[in-house]
Structure formats: C-alpha cells, structure tokens
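Observations on the model geometry
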Amino acid sequence: MLGILGCCGARSGNRCLLGLFFTFILIMVIAELAVGISAAVFKGKVEEILKDTMMDYFKNSLNSTQDMDNFHALERDYNCCGVDGIDDYKNTTQKCAIIGNVTTTATTVPEGCFAALEDAFMGAASILIGSGVGIGVIEIMALVFSIYLCRQFGRDEFVA
C-alpha cells in the first residue's frame, strides 16, 4: 500500500503524495529504531519474564496431561529436560521425556529447555538483525529518493 503511494507520487509528480510517502516511511524507521533499542536495553528483563512464564507453565503442566504432553514434545524437539534441567522433575510424579526416569544417572545431563530455546533464538537473531539492517537501508534510500523527487518536482513548477 505504501509502495503504491510512493509510485503514484513519483509517476504523477505529486509532491503531496511524495510527502506522505516520506512521512510514513520516516515513522516506520523511527518505530523500528525504537523497537531495536528497547530490545537491546530490556533484554535481561525480557529473558527473566520469559523464564518465569515458562516455569509457571511447567508447574501448571504437572497437573494437566495435555499440557505435560506439550512440554514433553518441547523436550523431545530440543533434547532438553525441564525449564532449568532435570532437577525440575524432583519431587514430582512426572518424568523427563528424553530420559524417562529422574533417578537415572547419565554421564551427560541434558540442559534445561529455557537454555535450549535461548540458544535456538540466538542462532536466528543474526538472521533477524541482518534482515532488519537490510530493510533499514532500503527504507533510508526510499526517504532520500522521495525527498530528491519532491525537490525536483518543486523546481520544475517555478522554472517556467
């Protein structure tokens, strides 16, 4: 929709449409910067909230077969146990999906699912950051070109 606004403004030489296009792109750039800065500043707080939420879900799933089946699916998919590790299953009747028995001693104890999910998200973070930078560059180019065209269209009107 926004692209159509910019194309129509450029094609028709309408400074108003180009100005609207510039304004909306500028708002998007500012919003993206605000989200990026907020994510960097509040990263620790977001991790804490997510971990607490995951722990609450785990504790509630101990009393629900469907929820525990969902948590076991997560454990199988990410090869992990509990939220923080296999110790989350102590004093419960449930068992970790990938080990099966809490009393089993293994030479390698699987990590907690929060750490496994965090690793998976961090692996995808570089792709997200790269995409965001690429889109930001394109948006800044759109801002520059829209201002350039707006100025050019303004000059043509007063030259004659």
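For the structure itself, look to the data block above.
How each quantity is defined
- Per-chain numbering applies: the sequence of each chain, read as written, is numbered from 1 onward.
- pLDDT decides what is reported in this predicted model: residues at 70 or higher carry local features, side-chain atom pairs at 80 or more are listed and counted, and totals for whole chains, interfaces and linings draw on all residues regardless.
- In computing side-chain properties, one takes all heavy atoms of the structure into account and sets aside hydrogens as well as water.
- A pair of sulfur atoms, both from cysteines and within 2.5 Å, is called a disulfide here.
- The helix count covers DSSP runs of H or I at least four residues long, the strand count covers runs of E at least two residues long, and both are numbered beginning at the N terminus.
- A simple rule labels every residue: compare its accessible area, found with a 1.4 Å probe on the protein chains alone, to the largest value its type can have, and call it buried under 20%, exposed over 50%, or partly exposed in between.
- Nonpolar cores were defined as sets of buried Ala, Val, Leu, Ile, Met, Phe, Trp, Tyr and Cys residues, with membership established by side-chain atoms within 4.5 Å.
- Whether two residues touch is decided by their heavy atoms; if any such pair falls within 4.5 Å, the residues are in contact.

Here's the deal with the state of the cysteines
Inspection of every chain in the model, using the stated rule, returns two disulfides. One disulfide in the model links C80 with C113; its S-S distance is 2.0 Å. Given an S-S torsion of about 90°, the disulfide between C80 and C113 has right-handed geometry. Linking C80 in the loop between α4 (65-78) and α5 (113-159) with C113 in helix α5, this pair joins segments that are 33 residues apart in sequence. The exposure class assigned to C80 is buried, which follows from its relative accessible area of 0%. Paired by a disulfide, C81 and C96 hold their sulfur atoms 1.7 Å apart. Measuring the twist about the S-S bond at about -85°, one finds the C81-C96 disulfide to be left-handed. Linking C81 in the loop between α4 and α5 with C96 in the loop between α4 and α5, this pair joins segments that are 15 residues apart in sequence. Assigned by exposure class, C81 and C96 land together as buried. If you count the bonded cysteines of the protein from the N-terminus, they pair up as 1-4, 2-3. As a non-bridged cysteine, C8 has C7 as the owner of its nearest cysteine sulfur, 6.9 Å distant. There is no disulfide at C16, and the cysteine sulfur nearest it, in C150, is 9.1 Å away.

Here's the deal with the nonpolar core
Across soluble globular proteins, you tend to see nonpolar side chains buried next to one another. M54, F58, F71, L74, V83, Y89 and C113 are the most contacted members of the largest nonpolar core, which totals 16 residues. Counting only elements with at least two residues in this core, the list comes to α3 (43-61), α4 and α5. The biggest single contributor to this core is α5, with four residues. Apart from the residues lying within four places of it in its own chain, the contact partners of V83 are K51, M54, M55, F58, F71, D88, G112, C113 and F114. I25, V29, A142 and L143 belong to the second-largest nonpolar core, a separate cluster that totals six residues.

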